[in-house]
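Coordinates in review
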Amino acid sequence: MHLFPKLILATLALTISGTAIAQSDDAEQLKIAALEALVSAPDEKALPIVSKVLAGDHSDEVKSRALFVLSQIDLPESQAILLDTARTAEGDLKHQAIRMIGIGGNPDALKGLAEIYSNGDANTKESVLHAYMISDDVDSVYALAASAVSDEEFESAVHTLGVMGATDRLRSLPDRPGASESIIHALAIAGDYEGLRAYAVDASNPERQLEAIHGLGIVGGEEVGPTLIEIYRGTDNNDVREAALHGLFVADHDTLVLELFRESTNSEEKADLLRILVMMDSDAAIEAIDAALAGGP
Amino acid sequence: MISEENLTLYYYDDGLTPAERNEFETALESDAVLAARYAALSRELQQWSEPEIVPAPSHLKQRWHDSIDQAAKSERASERRSHKPLHFMSFIWGVGLTAALALGIGVVVFLADDGTRDIPIDDMTVDAGADRAPGIPASFTRGLQVHLQDSQWELANLNNDTQVDRTSLLIQIIDQNRMFERSADQNNAPQVARLLRAFEPILLRLASNDIAPADAEALRSQLAFELNVMLTKIANDTSNKSHST
């Protein structure tokens, strides 16, 4: 039972220490296979070997695989190495180390990412947000959104909250000038019907209202249709009506569009609604065309 | 197209509604390719069938429950985060199925890596048929393994498909990945959930049209490695569990 891991360890040790081995593809693949097998070894034995690979003269690909194995080692030292690599490495290795901290999910290592975020460039910041997303660390992403120093940072963090489905946090973000568009997009990504509805029926900020109506269309679902119909019927603002109609189109509520077609007494509006029905490739379009040709409702 | 996971659930008569089972039966009667796939899968799964489970004595059951409670408390203490609802919009469609899967992907094997090493494993087993925590069907572990193996195979053969097929295939993998990620969360297996979440950006990148062939190859290679490691880890942990009985 224990023979195989020992053999693997021996193979790995030989492979990584054999400077005479040419850096051919075969040697590279052997190293990667050895690293893969290392996951079968006890953590205490695997850790020094992986550390040696990371410190040695190996390709980024091999080191990147070593980082993944490191993320699977449940020892404090492994997390410290990951964090150190995330701080000091450059390029892809840095991003991989950050990702592996997310995969590892160690709370201390995740805390350490905050410093890397604040000192990092845009790509590093994005990697940190991904790591928080992987680890489902909503608190950290919320903190970054709430303390963002630029609109770009704010938008990225809010988008990540949306992807994470953190609707409560999105609704509780402190006021920020021009922030509503990002928040509405994130609410749409999170599928938060209630949050979007609140903005969509509020006509005090027309631009925000239009964004929210678009968002409702993206979210879709049965409850969205009646809300969009209510908005359509309840406004004189053509932009809002158009957005509601577009929302019905995106959410594929053809029967509701047909309902609007039937109740409309304005020929221009009826023509618009008919066009939408045709675009929806709906059976309801045939009914509407029949009615239009027959001169009926 | 009916996925391997759903065929597996059908085989184990688990996690599908009566309507879905009826739909499968109809499809199996009318679709020869599907019937052949199902027959092949059945043969494979029969090889894995377990010995008959002997009911455990009641005092041992009580000890299991105590062990599970202890593990749950330990996990909650180590995890400050609460489980979030749905992470992505498209999870919604899968909620019904994942609720069934919530009965347990047999990823209990990963719990040992999340601060639950003190669980008295020996107390949790009484015979060869009871080598896993009660309430977590082994079929779900196999479901996860099948998903990972399928993903691995499909990713290895991506180059043979057109861009449209590739994108469609990757979207299917992403959907199933999300389903299992959700199930892992519900089964208190955060490490598995994190790994599955980590795969998604790579899968999404591979599904995009604007990726250079060399970049795609590098991502496929990375994903193949990570899937292999995950499968090896599941196999090892399952094997260790069996040997501990």
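Preceding this paragraph is the structure being described.
Overview of the structure. Going along each chain's sequence as written, the residues are numbered from 1 onward. Going through the entries in the order they are written, you letter the chains from A and number the ligands from 1. In keeping with the model being predicted, local features are shown solely for residues with a pLDDT of at least 70 and side-chain atom pairs are shown and tallied solely at 80 or more, while totals for entire chains, interfaces and linings include all residues.

**Focus on the overall build of chain A**
In terms of helices and strands, chain A carries 19 helices and zero strands. As a rule, residues whose C-beta atom has 12 or fewer other C-beta atoms within 10 Å are exposed, those with 20 or more are buried, and those in between are partly exposed; C-beta atoms are placed from the backbone. Here chain A holds 297 residues, and 45% of them are scored as buried. The contacts of chain A with a sequence gap of at least 6 include a subset with a gap of at least 24, amounting to 57%. Each helix is a run of H or I in the DSSP string that is no shorter than four residues. Each strand is a run of E no shorter than two, and both are numbered from the N terminus. Two residues form a contact once the distance between their C-beta atoms, set from the backbone, is within 7 Å.

**Considering the overall build of chain B**
Check the secondary structure of chain B and you find 10 helices and zero strands. Along its sequence from the N terminus, chain B presents helices and strands in the succession α-α-α-α-α-α-α-α-α-α. Across the 245 residues of chain B, 29% fall into the buried class. The long-range share in chain B, meaning contacts at least 24 apart out of those at least 6 apart in sequence, stands at 82%.

**Overview of the packing of helix 6 (residues 91–104) of chain A against helix 7 (residues 107–119) of chain A**
Packed helix pairs are characterised by how far apart their axes lie and by the angle those axes make with each other. Residue and element names in this part refer to chain A. Only C-alpha atoms enter the line fits that serve as axes; for helices the fit covers just the stretch in contact. Angles between N-to-C directions range over 0 to 180 degrees. Between helix 6 and helix 7, whose axes approach to 9 Å, the crossing angle comes to 150 degrees. Classified by the angle between their axes, helix 6 and helix 7 sit roughly antiparallel to one another. Handedness of the helix 6/helix 7 crossing: left-handed. From helix 6, Ile-98, Ile-101 and Gly-104 reach across to helix 7, where they touch Ala-109, Leu-110, Leu-113 and Ile-116. Tallied by class, the residues present in the contact of helix 6 with helix 7 amount to six nonpolar, one polar and no charged. An angle below 35 degrees is treated as roughly parallel, one above 145 as roughly antiparallel, one from 65 to 115 as roughly perpendicular, and anything else as oblique. Here a crossing is taken to be left-handed if its near helix is turned anticlockwise relative to the far helix by less than a right angle, and right-handed if that turn runs clockwise. Side-chain classes follow a simple rule in which Ala, Val, Leu, Ile, Met, Phe, Trp, Tyr, Cys and Pro form the nonpolar group, Asp, Glu, Lys and Arg form the charged group, and the remainder, Gly included, forms the polar group.

**A short note on the nonpolar core**
Among the nonpolar cores identified, the biggest contains 104 residues, and Val-69 and Ile-101 of chain A are the most heavily contacted of them. The residues contacting Val-69 of chain A, other than those within four sequence positions of it, are Leu-35, Leu-38, Val-39, Ala-46 and Val-50 of chain A together with Val-229 of chain B. The term nonpolar core refers to a group of buried residues, namely Ala, Val, Leu, Ile, Met, Phe, Trp, Tyr and Cys, whose C-beta atoms join them within 7 Å.

**A closer look at the environment of Asp-281 of chain A**
Residue and element names in this part refer to chain A. Locating Asp-281 in the fold gives a position in the loop between helix 18 (267–279) and helix 19 (283–294). Residue Asp-281 is classed as exposed on the basis of its 9 C-beta neighbours within 10 Å. In sequence terms Asp-281 and Asp-252 are 29 residues apart; their C-alpha atoms lie 9.9 Å from each other.

**Let's talk about the interface of chain A and chain B**
Taken together, the contact between chain A and chain B spans 28 residues of the former and 25 residues of the latter. Considering every element that reaches the side of chain A that touches chain B, the biggest residue donor is helix 4 (residues 60–71) of chain A, with four residues. Among the residues making up the side of chain A that touches chain B, the classes are represented as 13 nonpolar, nine polar and six charged.

**Structural notes on helix 5 (residues 76–88) of chain A**
Residue and element names in this part refer to chain A. The terminal C-alpha atoms of helix 5 lie 18 Å apart, and with 13 residues this matches the ideal 18 Å at 1.5 Å per residue to within 8%. Looking only at helix 5, the buried set comprises Ser-78, Gln-79, Ile-81, Leu-82, Leu-83, Thr-85 and Ala-86. Lining the buried residues of helix 5 we find helix 3 (43–55), helix 4, helix 6 and helix 7. A helix's residues, less one, multiplied by 1.5 Å, set its expected span.

**Structural notes on the environment of Leu-204 of chain B**
Residues and elements named next belong to chain B. Position of Leu-204 relative to the elements: it lies in helix 9 (residues 190–207). Judged by C-beta crowding, with 12 C-beta atoms within 10 Å, Leu-204 ranks as exposed. Put simply, Leu-204 and Ile-174 are 30 residues apart on the chain and 7.7 Å apart in space, counted from C-alpha to C-alpha.

**Let's talk about unusual backbone geometry**
Residues and elements named next belong to chain A. Phi is positive for Asp-136, which is not a glycine, with a value near 60 degrees. Looking at the secondary structure, you find Asp-136 in the loop between helix 8 (122–134) and helix 9 (138–146). Of the residues examined, Asp-136 has 25 C-beta atoms within 10 Å and is grouped as buried.

**A word on helix 15 (residues 224–233) of chain A**
All names here are of chain A. Listing the buried residues of helix 15 in full gives Val-224, Gly-225, Leu-228, Ile-231 and Tyr-232. Down the axis of helix 15, the buried side of the element spans an arc of 130 degrees, and every buried residue falls inside it. Among the exposed residues of helix 15, those oriented more than 90 degrees off its buried face are Pro-226 and Arg-233. Within this analysis, the arc is defined by the directions that extend from the helix axis to the C-beta atoms.

**Quick word on the packing of helix 3 of chain A against helix 4 of chain A**
Residue and element names in this part refer to chain A. Interhelical geometry of helix 3 versus helix 4 gives an angle of 150 degrees and a closest axis separation of 9 Å. One finds that helix 3 runs roughly antiparallel with respect to helix 4. Crossing hand, helix 3 versus helix 4: left-handed. Between helix 3 and helix 4, the residues in contact are Ala-46, Val-50, Val-53 and Leu-54 and Val-62, Lys-63, Ala-66, Val-69 and Leu-70, respectively. Residue composition of the contact of helix 3 with helix 4, grouped by class: eight nonpolar, no polar and one charged.

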